[in-house]
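Read off the chains here:
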2 protein chains.
Amino acid sequence: MAQKPSTPKGTRDFNPLQVQRRNYIIQTIKRHFELYGFMPIETPSFENLSTLMGKYGEEGDRLIFKILNNGDYLDKVDEDLLNNKDSNAMISQLSDRALKYDLTVPFARYVVQHQNDITFPFKRYQIQNVWRADRPQKGRYREFTQCDADVVGSNSLLQEVDFIKLYDDVFTSLQVNGVTIKINNRKILAGLAEIIGAADQLIPFTVALDKLDKIGEERVKQEMQERGISSTALEKLQPVFTLTGSYEEKLEAMKGLLSSSEIGMKGIEELEFINQSLKSNQLKTATLDLDITLARGLNYYTGCIFEVAAPDSVKIGSIGGGGRYDDLTSIFGLKDVSGVGISFGLDRIYLVLEELNLFPDSVRAGVDVLFINFGEMEAAHCSGWLSRFRESGIKTELYPDAAKMKKQMSYADKNNIPYVILAGENEIATGKLTLKNMMEGSQESLTIDEIIARLS
Amino acid sequence: MAQKPSTPKGTRDFNPLQVQRRNYIIQTIKRHFELYGFMPIETPSFENLSTLMGKYGEEGDRLIFKILNNGDYLDKVDEDLLNNKDSNAMISQLSDRALKYDLTVPFARYVVQHQNDITFPFKRYQIQNVWRADRPQKGRYREFTQCDADVVGSNSLLQEVDFIKLYDDVFTSLQVNGVTIKINNRKILAGLAEIIGAADQLIPFTVALDKLDKIGEERVKQEMQERGISSTALEKLQPVFTLTGSYEEKLEAMKGLLSSSEIGMKGIEELEFINQSLKSNQLKTATLDLDITLARGLNYYTGCIFEVAAPDSVKIGSIGGGGRYDDLTSIFGLKDVSGVGISFGLDRIYLVLEELNLFPDSVRAGVDVLFINFGEMEAAHCSGWLSRFRESGIKTELYPDAAKMKKQMSYADKNNIPYVILAGENEIATGKLTLKNMMEGSQESLTIDEIIARLS
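Residues numbered from 1 in each chain as written. Chains lettered and ligands numbered in written order. Predicted model: local features only at pLDDT ≥ 70, side-chain atom pairs only at ≥ 80, totals over all residues. Heavy atoms only, no water.

*Asks:* Give me the overall build of chain A: which residues, what numbers.
*Replies:* For chain A, the helix and strand inventory stands at 18 helices and 16 strands. Its C-alpha atoms give chain A a radius of gyration of 28 Å, clearly above 23 Å, the size a compact globule of 456 residues would have. Overall, the C-alpha framework of chain A stretches about 95 × 65 × 45 Å when taken along its three principal axes. The buried share of chain A, reckoned over its 456 residues, is 59%. Restricting to contacts in chain A with at least 6 residues of sequence separation, those with at least 24 account for 69%. For chain A, the accessible area works out to roughly 19,200 Å², and carbon and sulfur atoms hold 46% of it. Counting 53 positive and 64 negative side-chain charges, chain A places the averaged centre of each group 4 Å from the other. (Helix = DSSP H or I, 4+ residues; strand = E, 2+ residues; numbered from the N terminus. Rg over C-alpha atoms; globule rule 2.2 N^0.38 Å. Buried < 20%, exposed > 50% of the residue type's maximum accessible area, 1.4 Å probe, protein only. Contact = heavy atoms within 4.5 Å. Areas by Shrake-Rupley, 256 points an atom, 1.4 Å probe, with all protein chains shown as cover. Lys, Arg positive; Asp, Glu negative; His and termini not counted. Charge placed at Lys NZ, Arg CZ, Asp CG, Glu CD.)

*Asks:* Report on the packing of aromatic side chains, specifying residues and quantitative values.
*Replies:* Overall, the coordinates contain 34 aromatic pairs over all chains when judged by the stated rule. Where Tyr-300 of chain A meets Tyr-325 of chain A, the ring centres are 5.8 Å apart and the plane angle is 85 degrees; that geometry is what we call edge-to-face. Here Tyr-300 of chain A is found in the loop between β8 (287-290) and β9 (301-309), whereas its partner Tyr-325 of chain A is found in strand β10 (residues 318-325), with 25 residues between them in sequence. Among the aromatic residues, ring-to-ring pairing joins Phe-33, Phe-38, Tyr-125, Phe-163, Tyr-167, Phe-171 and Phe-344 of chain A into one connected group. Geometry around Tyr-36 of chain B places Arg-390 of chain A over its ring, the cationic atom sitting 3.8 Å from the centre. (Phe/Tyr/Trp six-rings, centres within 6.5 Å; stacked < 30°, edge-to-face > 60°. Lys NZ or Arg CZ within 6 Å of the ring centre and 35° of its normal.)

*Asks:* Let's hear about the relation of the copies chain A and chain B: which residues, and what values?
*Replies:* Overlay of chain A on chain B (RMSD 0.1 Å): rotation 180 degrees, translation along the axis 0.0 Å. Here the symmetry operator amounts to a two-fold rotation axis. Of every C-alpha in chain A, the one belonging to Ile-67 of chain A sits nearest the axis of rotation, 2.2 Å from it. Here 100% of the contact residues of chain A are again contact residues in chain B; the copies associate through an equivalent surface. (Least-squares fit on C-alpha atoms with pLDDT ≥ 70 in both.)

*Asks:* Which residues make up the environment of Leu-257 of chain A, and what are the values?
*Replies:* Residue and element names in this part refer to chain A. Tracing the sequence through the fold places Leu-257 in helix α12 (residues 247-258). The exposure class of Leu-257 is buried, given its relative accessible area of 18%. Ignoring any residue separated from it by four or fewer positions in sequence, one finds Leu-257 in contact with Leu-192, Ile-195, Lys-236, Pro-239 and Val-240.

*Asks:* A description of the nonpolar core should follow, citing residues and the corresponding values.
*Replies:* Nonpolar side chains in soluble globular proteins tend to end up buried together. Counting residues in each nonpolar core, the largest one holds 78 residues, and the members touching the most others are Ile-25, Phe-171, Ile-183, Leu-192, Met-254 and Phe-344 of chain A. When residues of this core are assigned to their parent elements, the largest contribution, 7 residues, is made by helix α7 (residues 158-173) of chain A. Apart from residues no more than four positions distant in its own chain, Ile-183 of chain A is found in contact with Ile-164, Tyr-247, Leu-271, Ile-274, Leu-288, Asp-289, Leu-290, Asp-291, Leu-294, Cys-304, Ile-305 and Phe-306 of chain A. Residues Ile-181, Ile-268, Ile-292 and Ile-316 of chain B belong to the second largest nonpolar core, which totals 77 residues. (Core = buried A, V, L, I, M, F, W, Y, C linked by side-chain atoms within 4.5 Å.)

*Asks:* A description of the sheet that holds strand β15 (residues 433-437) of chain A should follow, citing residues and the corresponding values.
*Replies:* All names here are of chain A. Taken together, 5 strands build an open sheet; the order of strands is β13-β12-β14-β15-β16 and the sheet is mixed. Two strands bound the open sheet, and with one partner strand each, they are β13 (396-398) and β16 (443-446). Going from strand to strand, the sheet's axes swing by 25 degrees on average, the running direction of each strand aside. Pairing between strand β12 (residues 369-371) and β13: 3 bridges, direction parallel. In the strand pairing of β13, Leu-370 is matched with Glu-397. (Pairing = 2+ DSSP bridges. Axes fitted to C-alpha atoms, helices over the stretch in contact; angles between N-to-C directions.)

*Asks:* So, the confidence of the model for chain A: which residues are in play, and what are the values?
*Replies:* Confidence in the prediction of chain A, expressed as mean pLDDT, is 93, and 99% of residues score 70 or more. Interface confidence in the predicted complex, given as ipTM, is 0.95; pTM for the same model is 0.95. (pLDDT = per-residue confidence, 0-100.)

*Asks:* I'd like a description of the interface of chain A and chain B, backed by residues and values.
*Replies:* Residue-level contacts link 111 residues of chain A with 112 residues of chain B. In terms of surface lost to chain B, no three residues of chain A exceed Leu-35, Lys-85 and Arg-390 of chain A, which account for 8% of the buried area on that side. Put simply, chain A and chain B have 48 residue pairs in polar contact (both at pLDDT 80 or more) between them. Considering each element in turn, the side of chain A that touches chain B owes the most residues, 8 residues, to helix α15 (residues 376-391) of chain A. Here the side of chain A that touches chain B is built from residues that sort into 47 nonpolar, 35 polar and 29 charged. (Buried area = accessible area lost by both parts, 1.4 Å probe. Polar contact = N/O pair within 3.5 Å; in protein donor to acceptor, adjacent residues only side chain to side chain. Nonpolar A, V, L, I, M, F, W, Y, C, P; charged D, E, K, R; others polar.)

*Asks:* Describe the pairing of strand β11 (residues 339-345) of chain B, listing the residues and the values that go with them.
*Replies:* Residues and elements named next belong to chain B. With 6 of 7 residues buried, β11 lies mostly within the body of the structure. Bridge count for strand β10 (residues 318-325) against β11 is 6 bridges, and the pairing is antiparallel. Paired with Gly-321 across the strands is Ser-343, a residue of β11.

*Asks:* Lay out the sheet that holds strand β7 (residues 180-185) of chain B with the relevant residues and their values.
*Replies:* Sheet strands line up and pair through hydrogen bonds in the backbone, either parallel or antiparallel. Residues and elements named next belong to chain B. The strand order β1-β5-β6-β11-β10-β9-β7-β8 describes an open sheet built from 8 strands, whose pairing is mixed. The strands lining the two open edges of the sheet, one partner per strand, are β1 (39-40) and β8 (287-290). Relative to β8, β7 is paired through 4 bridges, and the arrangement is parallel. Looking across to β8, one finds that Lys-182 is bridged to Asp-289. Most of the contacts of helix α7 (residues 158-173) go to β11, to which it runs at about 15 degrees, and overall it touches β5 (122-131), β6 (143-152), β7, β8, β9 (301-309), β10 and β11.

*Asks:* Outline the pattern of salt bridges, listing residues and values.
*Replies:* Here the idea is simple: oppositely charged side chains can pair when their charged atoms come close. All names here are of chain B. Evaluation of the coordinates by the stated rule reveals 57 salt bridges over all chains. For Asp-368, the salt bridge identified is with Arg-364, shortest N-O distance 3.3 Å. Judged by its relative accessible area of 23%, Asp-368 falls in the partly exposed class. The salt bridge partner of Asp-449 is Arg-388, with a shortest N-O separation of 2.6 Å. In this pair, Asp-449 is assigned in helix α18 (residues 448-455) and Arg-388 in helix α15 (residues 376-391), connecting sequence segments 61 residues apart. The class for Asp-449 is partly exposed, based on a relative accessible area of 49%. (Salt bridge = Lys/Arg side-chain N within 4 Å of Asp/Glu carboxyl O.)

*Asks:* How would you explain α7 of chain A if you had to name every residue and give the values?
*Replies:* Think of an α-helix as 3.6 residues a turn; residues three or four steps apart then line up on the same face. Residue and element names in this part refer to chain A. Between the first and last C-alpha of α7 there are 22 Å, a value that for 16 residues agrees with the 22 Å anticipated at 1.5 Å per step. Most of α7 is tucked away: 13 of the 16 residues are buried. Where α7 ends, the next residue or the one after it, Gln-175, has phi of about 65 degrees, a positive value. (Expected span 1.5 Å × (residues − 1).)

*Asks:* So what about the environment of Lys-9 of chain A? Which residues, and what values?
*Replies:* Tracing the backbone through its elements, the reader meets Lys-9 of chain A in the segment before α1 (16-35). The contacts of Lys-9 of chain A, once residues within four sequence positions are left out, are Pro-136 and Arg-142 of chain A.

*Asks:* I'd like to hear about the packing of helix α10 (residues 212-226) of chain A against helix α11 (residues 231-241) of chain A, residue by residue, with values.
*Replies:* Residue and element names in this part refer to chain A. One way to put it is that α10 packs onto α11 with a least axis distance of 9 Å and a crossing angle of 160 degrees. Accordingly, the angle class assigned to the pair α10 and α11 is roughly antiparallel. As α10 packs across α11, the resulting crossing turns out to be right-handed. Across the interface between the two elements, Leu-212, Glu-217, Val-220, Lys-221, Met-224 and Gln-225 of α10 pack against Ser-231, Leu-234, Leu-237, Gln-238 and Phe-241 of α11. Tallied by class, the residues present in the contact of α10 with α11 amount to 6 nonpolar, 3 polar and 2 charged. (Parallel < 35°, antiparallel > 145°, perpendicular 65-115°, else oblique. Left-handed = near helix turned anticlockwise from the far one by under 90°.)

The structure is reproduced here in structure tokens:
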């Protein structure tokens, strides 16, 4: 019986126009990754279950798509677990593999596995799909594409500077003007936790602070108090809530606050270096903004952290982010390798370009020119011309059947084909073909060579 | 505890050089797909289980990777099945989704689902990964990339002609000279089965015939006899086993044999049309060869079928294939839509290019130029130059630390970076930098503008 076909929840088909538009963004990101010295690697879609589990917290583990073992997968399952229908405990007995949840953990696995073949510092980029069994919502899918660039094996802050320039270059190239690159440093957050006597509560402290945008000062303070941070501590923290001014001014204010914290001052110093470096080589269209409340969720960050906000006119949250992590590969046994990386959020960038109408007209589906089919004899004549057009780089097709002219023109129209060539018996005899411009409705009588020169 | 990291069996990591080489092949195929009027679509990595199951035969069903449902996946499982540990019968209760097994069934699903938004004939290409739980072996992996182009909604044989030209163009462009495009027609096979009185045994008949290359005439005949085909019938078939000569000569011989079969003669006619069409527009480097024993396994083919053999010097089997199918979308409820398509075998084409040493030198990983890092002051000076190089399209990086010269040169060397720039205190003062050609070992003193002109 025929089935009513559909895609699984949270997944999408992409039609030709959508693929071309996604590729336009991907190619722009890719080109800049390579100009900055990042080279592509690819890792498998699925990893061993043990590679992924336990790396993303309990919630992350739940959202990983596990692959059922092939063959008689129940054969070796523990009887007790089976009788108790203990889904959770049985997973590792039914499933040896899982779809990757991000590109970072597989990258760490790659670096450790291939460490003897890699020359450090290793600059790689990776543009691949990842999968999460999240509840789908606007701009959030169960299969989506991540675009990551990372350097591992270098402590130099020049990497951070390069990543800021890279963000600026990519969004400038995509004509998305007015993005804000928010920057902070985990060392500053650690310093703040230290001076208010909450060094052992760094995570809940930063989690609460991170919400300032969304829930406001009072509720952040309330949450911190609930987590055991004293009123005296919160008073010390007051300057953070009211920080204003330029990058330098904010840094100066923080310097006063953090003067007694060694780690905090180290964070300040790093942010000063970055600001200094960008003075002689300024950003084109992006703004760098110091945001002391920026925390980013992932616990592996240890130094600078970034988040890119779309232009104010588009309400969409962050379109990129990243930061420095000092010990990512240690989960797979390689210690003391510092890394820093950034990510571009393809789906959200797509929505920004769509909303701001920034996809160039040249990014479209459909061929450049359609030959109308007048019948077998004429079609045979066109065959050699088709080859010449294609060799000149012109996307060309011949309508496959000698259908009614109206049908053929409607095909050109619906596929947004800009030019149509009419080569009937007369045209073939005289060597002058009719080139019809579908946008303007005009037409001209030209030789094949003239048409090729015009279109290539 | 640290885990010893690895990729799952049958899957691969690709290093930068491998990714660039794969992309070189993919981009070549893609460019030609588009020149021929095919437009890209993409479908999700996983489909509903019901979309895939039952489409590839029992063996295929077994090789599909099923995804375990998230959450308490055992909750709704039938108690009896659970108690009997009936792995097979339980699959559809544990798993709603599965990784796609090929691009053809998802494409059929796409066409049916989006039929109202599609203008027929619909020419699409799709270059995406698929997954099969096959036993891994040389050139066969559990995750691999398929490159497919299909037209649906046109009966015209001009499509077949175009596909042959497309194969020829792609392999010519990749400099793989001497491929053989084998062609046959399922209607001829149906005609043969008809005239020997085995019309109801078309599938076992073609399966046996398909093995002629591998097991030889005697054993093919033996297999046919075991399947109930009589000696008299086999005698009638004798000309097929001894067929030689050119495309035309073989067709002429077959014409005699098939004269009483309407469907057989239709197949002959189609192959004649294709041959005729290619006379006025000849192939560049490929040879079209009529191979009456070519059957191709997939039962959905109904007309012309293709298979591409690598040049004789490379022992690797087929590097592409395809054919016409008249009723693929009917499994999803859309009847009478004829389609024809071809596929390129990326992994095998990669092996062919590797074996014949055909990857261009320009296809490589690594930047074009490395700036040596002489210290903080010099690095700051280089920063603006880096931007200018990148804006000129030159892949450029600055070594991130002022490490020993030997270490920096070794980094350039190991990453096959062709040029290194030395911009120390003196060079910065005079404005003349040292450009070192790493291949030739030579060096020159040039201004920034001169270097940019040289490298871009």
